[in-house]
Amino acid sequence: MAGGGKAHLRPIEDVLISAQDVVVEFPASRGRVVKAVSGISLDVKEGETLGLVGESGCGKSTTAKALIQLPPPDSGTVHYKGEDLTQLDAESLRQARTDLQIIFQDPISSLNPRRRIGDVVAEPLKVWGPSDSASQVEKVNAMLEAVGINPDDTRDKRPHEFSGGQCQRISIARALVLNPQVIICDEPVSALDVSVQAQILNMLEDLKAEYGLTLVFIAHDLAVVKNISDRVAVMYLGKLCEVSGSDALYESPAHPYTELLLNSSPIPDPDVALSTDLVEQGDVPSPIDPPTGCRFHTRCAYVSDRCIDEEPQMQKISDDHYVACHHPLASVANSAGVSV
Amino acid sequence: MADATTHPGDAPLLVVEDLATHFAIDAGLVRAVDGVSFELYPGQTLGIVGESGSGKTVLARTIMRLNLGGNVRTSGSVRFSNQSLLDLPISDMTKIWGREIAMVFQDPMTSLNPVVKIGRQVTEHVRKHFGISKAEARNLAIELLQSVRIPEAEARFDSFPHELSGGMRQRVSIAIALACNPKLLFADEPTTALDVTVQHQILNLLGMQQQERDMAMVLVTHDLGVVAGRTDEIIVMYAGKIVEQATTSEIFHRTSHPYTEALLRSIPKIDQPSHTRLAAIAGRPPDLADSLEGCSFSPRCPYAQERCFEEEPELEALATDHLSACWYPVGTPENQEAWEKNLLAGRPSTLAIANGQIVDDVSVHLPSGTS
Ligand SMILES: Nc1ncnc2c1ncn2[C@@H]1O[C@H](COP(=O)(O)OP(=O)(O)OP(=O)(O)O)[C@@H](O)[C@H]1O
Ligand SMILES: Nc1ncnc2c1ncn2[C@@H]1O[C@H](COP(=O)(O)OP(=O)(O)O)[C@@H](O)[C@H]1O
Ligand code: SF4
Ligand code: SF4
Ligand SMILES: [Mg+2]
Ligand SMILES: [Mg+2]
């Protein structure tokens, strides 16, 4: 898109989280600015899993962290249960954050290597939980069991004694100890083998059902995102491209960037013809100096003059399917003279 | 792609026979590679697939004679173009590296020197092996950078590795690997650290270069999705051994080994509806320092029967060019029977596959009370 607009947002009273016009920028060398997130609006209903997908550097983690005000966005609002987190004082924000937990990509290094597993998982409780240590231990044990790890065997061990998949489950247990409502999963499976990835995906589905969680799930692989998400938002260079219920997105992708991602996803079937034309694709442009108009125009096969000048806005193309593109796929405007 | 089943008139480029690489550690002997044999023909592409720790990297590094540390013991034989690689002095190996066999690693920084400009690095082997002039080297480097689709190759000649993205660095390391037109390229998880889009581009690039140069290629990965459609033949490794080997189409269409089947079923597929329950493999690969009786996959296998815990199955031909090491191969009535028996008994490793349950402890063969 990479465009703006909020057509895809649902009534604010129907959603648990609603982020609007979120902008996050970082200072770069020589007075320049990294435009990591440039006006993103997203919402998540209670009990829903929102998938956020896009290439490295497109601002997925920055968006996720902005939701929990780490750091707060440079502008825009983030409503959680009707309250604007960007306006809260430090103490109220700390309270609200216990409801919103985040887990990270690299399972081993995101856990403190010098601490025992029991302490790692109990850490959030030291600040927020019950003060007596017996109920803390009880809580830690329950959460380790919930992620399929035997607490008696593991409490006194340290993170390096576990595999990547087990470390990821330990970080999920840690995120769960405060009974959060929302878990933001920032590429929790990208560093794992396919076999372990399946365990984590299944486990997140189970925990979600058991604890009534709401999930934001970040990944760069569309097949993984589809498996776990109810609704998917596709991101490119700090902007949203397409938002849709997950099955519809895959049946009829409307944004050229979604199509590119779909064509890149590895398919475990030797008879499916590979799109072998994807060799030349250059790098994602720098977020310091993003392209004008539609930010995807430098890589888009359907680019027109309009795309270079004018930023597309999010528009509805069917029920719960929104796209920010001047020439969405499978529409009349697009079929005009474009091959591929 | 070369035809994997017959190779009329061709002599194999690489013959690996009963190769074993063991590491002596305090806890015992780590059998990282344990009796691996295969052949590779000129221009052929081979996929080597298995979970982390199955021995893929050690196998590749053993064949290449790359350093594996002081505690290593290797046996068996590796013949490449009629030279016995394991017997060559390292000084002769250095003549083969880069020039006849080249390697691309998971982390491109492994093969790149952080303080040398990429243009210079690309032609290092060529200058060493063929002694060309500075001007010739520059032209060749630019040509190579263009061939791996580095945009503005001329301007990039003077860049340092840290100035490039991960995908671009991997392109540079491929350019280095291709510089001397090797006959064989080993790519060890060349795209595991990259985005799906960049992964797709890099795999396309490797495939294109492989065909243009008629080079043999070994593509190592943990994801069967990566090698489908990109290889002639596939070897599936588990605990240092080959458990299944066949043409790519056979592996997918007539999957025989339960481990291969489990790997395939654990991959989320784009054409499945969302929230499809994935088949999770119970437990983790075995500790290779413990010697295990029977089939090494037995603790995790959904079909395992008593025989599997006692006797190790040999790699045997099921059909021409389809090898598998299993007592109850997938697709046979015996396999179906074993499945039903285990399901009925509530065997945890079977339930993991059936319902996607997460099972870590696979030390128990059968739930107590059953036999
Ligand atoms: N603290 C920071 N200072 C400067 N630039 C930053 C900072 N954090 C992120 N960026 C930049 O902002 C952009 C978006 O980064 P972000 O980490 O959100 O991307 P991402 O989509 O999560 O990528 P990945 O898939 O690699 O995790 C990138 O260009 C990144 O380099
Ligand atoms: N120098 C070493 N000493 C002891 N064990 C090793 C050494 N190098 C590798 N291993 C072991 O050999 C096994 C196979 O490793 P590797 O080939 O790297 O697996 P893969 O590439 O399939 O992930 C692993 O169990 C690993 O821990
Ligand atoms: S068609 Fe235009 S607006 Fe749509 S993605 Fe391509 S460049 Fe952007
Ligand atoms: S059925 Fe038996 S022999 Fe075959 S893989 Fe399973 S445990 Fe091994
Ligand atoms: Mg990130
Ligand atoms: Mg490896």
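Predicted model, so just to flag it, every value in this text is computed and none were measured.

Asks: Tell me what's going on with the overall build of chain A, and back it up with residues and numbers.
Replies: Scanning chain A from terminus to terminus reveals twelve helices and twelve strands. Over its C-alpha trace chain A gives a radius of gyration of 21 Å, about what one expects of a compact globule, namely 20 Å for 340 residues. Here the C-alpha coordinates of chain A stretch approximately 70 × 50 × 45 Å along the principal axes. Sequence separation of 24 or more characterises 68% of the internal contacts of chain A that already satisfy a separation of 6 or more. Taken as a whole, chain A presents about 13,500 Å² of accessible surface, with 48% of it coming from carbon and sulfur. Averaged over its 29 positive side-chain charges, chain A has a centre that lies 6 Å from the centre of its 48 negative ones.

Asks: Hey, could you go over the sheet that holds strand 7 (residues 182–186) of chain A for me, with residue numbers and the actual values?
Replies: Residue and element names in this part refer to chain A. If you walk across this open sheet you meet the eight strands as 6-7-8-3-9-10-12-11, and the pairing is mixed. In the strand order of this sheet, the two ends are held by strand 6 (100–103) and strand 11 (315–318), each with one partner. Strand-to-strand, the axes of this sheet are offset by a mean angle of 20°, without reference to chain direction. As paired strands, strand 7 and strand 8 (residues 214–219) are joined by five bridges and run parallel to one another. Residue Ile184 lies in a different strand from strand 8, and its bridge partner there is Val216.

Asks: Tell me about the site of ligand 2, and name the residues and values.
Replies: Residue and element names in this part refer to chain B. Taken together, 15 residues form the shell around ligand 2, and within it Gly53, Gly55, Lys56, Thr57 and Val58 come nearest. Take Gly55: an N or O atom from its main chain is 3.0 Å from an oxygen atom of ligand 2. Val58 places a polar main-chain atom, nitrogen or oxygen, 2.8 Å from an oxygen atom of ligand 2. For ligand 2, the protein covers 67% of the area, taking 570 Å² as the surface of the free molecule. Taken together, the elements giving at least two residues each to the shell around ligand 2 come down to strand 1 (14–25), strand 2 (28–40) and helix 1 (56–64). Top element by residues in the shell around ligand 2 is helix 1. It accounts for three residues. Classifying every residue of the shell around ligand 2 gives seven nonpolar, six polar and two charged.

Asks: Any chance you could break down the domain arrangement of chain A for me, citing the residues and the numbers?
Replies: By a frequent convention, interface size equals the accessible area lost on bringing the separate parts together. Residue and element names in this part refer to chain A. Segmentation of chain A into domains returns domain 1 (12–105 + 187–324) and domain 2 (111–171). Contacts between the two partners involve 14 residues from domain 1 and, on the opposite side, ten residues from domain 2. Summed over both sides, the interface between domain 1 and domain 2 buries roughly 980 Å², with carbon and sulfur atoms accounting for 69% of that surface. The largest share of the area that domain 1 buries against domain 2 comes from Ile103, Met203 and Tyr211, three residues that together contribute 34% of it. The tally of links from domain 1 across to domain 2 stands at zero salt bridges. Across the contact surface, domain 1 and domain 2 share three residue pairs in polar contact (both at pLDDT 80 or more). Breaking the side of domain 1 that touches domain 2 down by element, the ones donating at least two residues are helix 2 (90–97) and helix 7 (194–211). Counting residues per element, the side of domain 1 that touches domain 2 draws most heavily on helix 7, at six residues. The class makeup of the residues in the side of domain 1 that touches domain 2 is nine nonpolar, four polar and one charged.

Asks: Now, about the confidence of the model for chain A: what can you tell me, with residues and values included?
Replies: Looking at chain A, pLDDT values average 89 and 94% of them are 70 or higher. Below a pLDDT of 50 lies the segment residues 332–340 of chain A, which in the model reaches eleven contacts outside its immediate sequence neighbourhood of four places, other chains included.

Asks: Lay out the interface of chain A and chain B with the relevant residues and their values.
Replies: Between chain A and chain B, the contact holds 54 residues from the first and 50 residues from the second. Summing both partners gives a buried area of about 4,300 Å² for chain A against chain B, and 54% of it is carried by carbon and sulfur. The tally of links from chain A across to chain B stands at one salt bridge. One salt bridge connects Arg277 of chain B with Asp206 of chain A, and the closest N-O pair in it is separated by 2.8 Å.

Asks: Describe in detail the pairing of strand 9 (residues 231–236) of chain A, supporting the description with residues and values.
Replies: All names here are of chain A. With respect to burial, strand 9 is a largely interior element, six of its six residues being buried. Taking every second residue as pointing to the same face, both faces of strand 9 are buried, with Arg231, Ala233 and Met235 on one and Val232, Val234 and Tyr236 on the other. Pairing of strand 3 (residues 49–53) with strand 9 involves four bridges; the strand directions are parallel. Considered in strand 9, the bridge of Leu50 is made with Arg231. Bridge count between strand 9 and strand 10 (residues 239–245): six bridges; the pairing is antiparallel.

Asks: Before we move on, could you go through the packing of aromatic side chains and cite the residues and values that matter?
Replies: This model, assessed by the stated rule, comprises seven aromatic pairs over all chains. For the ring pair Tyr236 of chain A and Phe296 of chain A, a centre distance of 5.0 Å and an interplane angle of 80° mean the geometry is edge-to-face. With Tyr236 of chain A in strand 9 and Phe296 of chain A in the loop between helix 10 (256–264) and helix 11 (305–309), this pair connects stretches of sequence that are 60 residues apart. In this pair, the class of Tyr236 of chain A matches that of Phe296 of chain A, namely buried. On the basis of an interplanar angle of 65° and a centroid distance of 5.2 Å, the ring pair of Tyr259 of chain B and Phe297 of chain B is categorised as edge-to-face. A residue pair is termed long-range when its members are at least 10 positions apart, and Tyr259 of chain B in helix 11 (residues 258–266) and Phe297 of chain B in the loop between helix 11 and helix 12 (306–310) qualify at 38 residues. As far as the burial class goes, Tyr259 of chain B and Phe297 of chain B line up, both buried.

Asks: Please provide a residue-by-residue account of the site of ligand 3, values included.
Replies: Every residue close to ligand 3 is listed here: His255, Pro256, Cys294, Phe296, His297, Cys300, Tyr302, Cys307, Pro312, Cys325, His326 and His327 of chain A. The class makeup of the residues in the shell around ligand 3 is eight nonpolar, four polar and no charged.

Asks: Describe the packing of helix 13 (residues 333–345) of chain B against helix 14 (residues 348–355) of chain B, naming the residues involved and giving the relevant values.
Replies: Residues and elements named next belong to chain B. Interhelical geometry of helix 13 versus helix 14 gives an angle of 100° and a closest axis separation of 8 Å. Compared by their axis directions, helix 13 and helix 14 come out roughly perpendicular. For the pair helix 13 and helix 14, contact is made by Trp339, Asn342 and Leu343 and by Thr350, Leu351, Ile353 and Ala354, respectively. Along the lines of polarity and charge, the residues of the contact of helix 13 with helix 14 split into five nonpolar, two polar and no charged.

Asks: Kindly report on unusual backbone geometry, identifying the contributing residues and their values.
Replies: Residue and element names in this part refer to chain A. At the junction of Leu70 and Pro71, the peptide bond is cis and its omega measures out at 0° in the coordinates. By secondary structure assignment, the location of Pro71 is in the loop between helix 1 (60–67) and strand 4 (75–80). Phi is positive for Glu187, which is not a glycine, with a value near 50°. Following the sequence through the fold, Glu187 ends up in the loop between strand 7 and helix 7.

Asks: Run through the environment of Pro151 of chain A, naming residues and quoting values.
Replies: All names here are of chain A. Within the element layout of this structure, Pro151 appears in helix 5 (residues 151–154). A relative accessible area of 4% means that Pro151 is categorised as buried. Sequence-wise, Pro151 and Pro290 are 139 residues apart; in three dimensions their C-alpha atoms are separated by 49 Å. In this view, Pro151 contacts Asn141, Leu144 and Glu145; residues no more than four positions away in its chain are not counted.

Asks: Could you give an account of the domain arrangement of chain B, naming the residues involved and the relevant values?
Replies: Residue and element names in this part refer to chain B. Here the domain parsing of chain B yields domain 1 (14–236) and domain 2 (255–364). Each of domain 1 and domain 2 was reduced to a C-alpha centroid, and the two centroids are 31 Å apart. Listed per partner, the contact involves 15 residues of domain 1 and ten residues of domain 2. Buried surface at the junction of domain 1 and domain 2, both sides included, amounts to about 980 Å², of which 64% is carbon and sulfur. Three residues, Glu51, Leu224 and Val236, lead the burial of domain 1 against domain 2; their summed loss comes to 50% of the area buried on that side.

Conventions we followed
Residues numbered from 1 in each chain as written. Chains lettered and ligands numbered in written order. Predicted model: local features only at pLDDT ≥ 70, side-chain atom pairs only at ≥ 80, totals over all residues. Heavy atoms only, no water. Helix = DSSP H or I, 4+ residues; strand = E, 2+ residues; numbered from the N terminus. Rg over C-alpha atoms; globule rule 2.2 N^0.38 Å. Contact = heavy atoms within 4.5 Å. Areas by Shrake-Rupley, 256 points an atom, 1.4 Å probe, with all protein chains shown as cover. Lys, Arg positive; Asp, Glu negative; His and termini not counted. Charge placed at Lys NZ, Arg CZ, Asp CG, Glu CD. Pairing = 2+ DSSP bridges. Axes fitted to C-alpha atoms, helices over the stretch in contact; angles between N-to-C directions. Near = heavy atom within 4 Å. Polar contact = N/O pair within 3.5 Å; in protein donor to acceptor, adjacent residues only side chain to side chain. Nonpolar A, V, L, I, M, F, W, Y, C, P; charged D, E, K, R; others polar. Domains from an automatic or database assignment. Buried area = accessible area lost by both parts, 1.4 Å probe. Salt bridge = Lys/Arg side-chain N within 4 Å of Asp/Glu carboxyl O. pLDDT = per-residue confidence, 0-100. Buried < 20%, exposed > 50% of the residue type's maximum accessible area, 1.4 Å probe, protein only. Phe/Tyr/Trp six-rings, centres within 6.5 Å; stacked < 30°, edge-to-face > 60°. Parallel < 35°, antiparallel > 145°, perpendicular 65-115°, else oblique.

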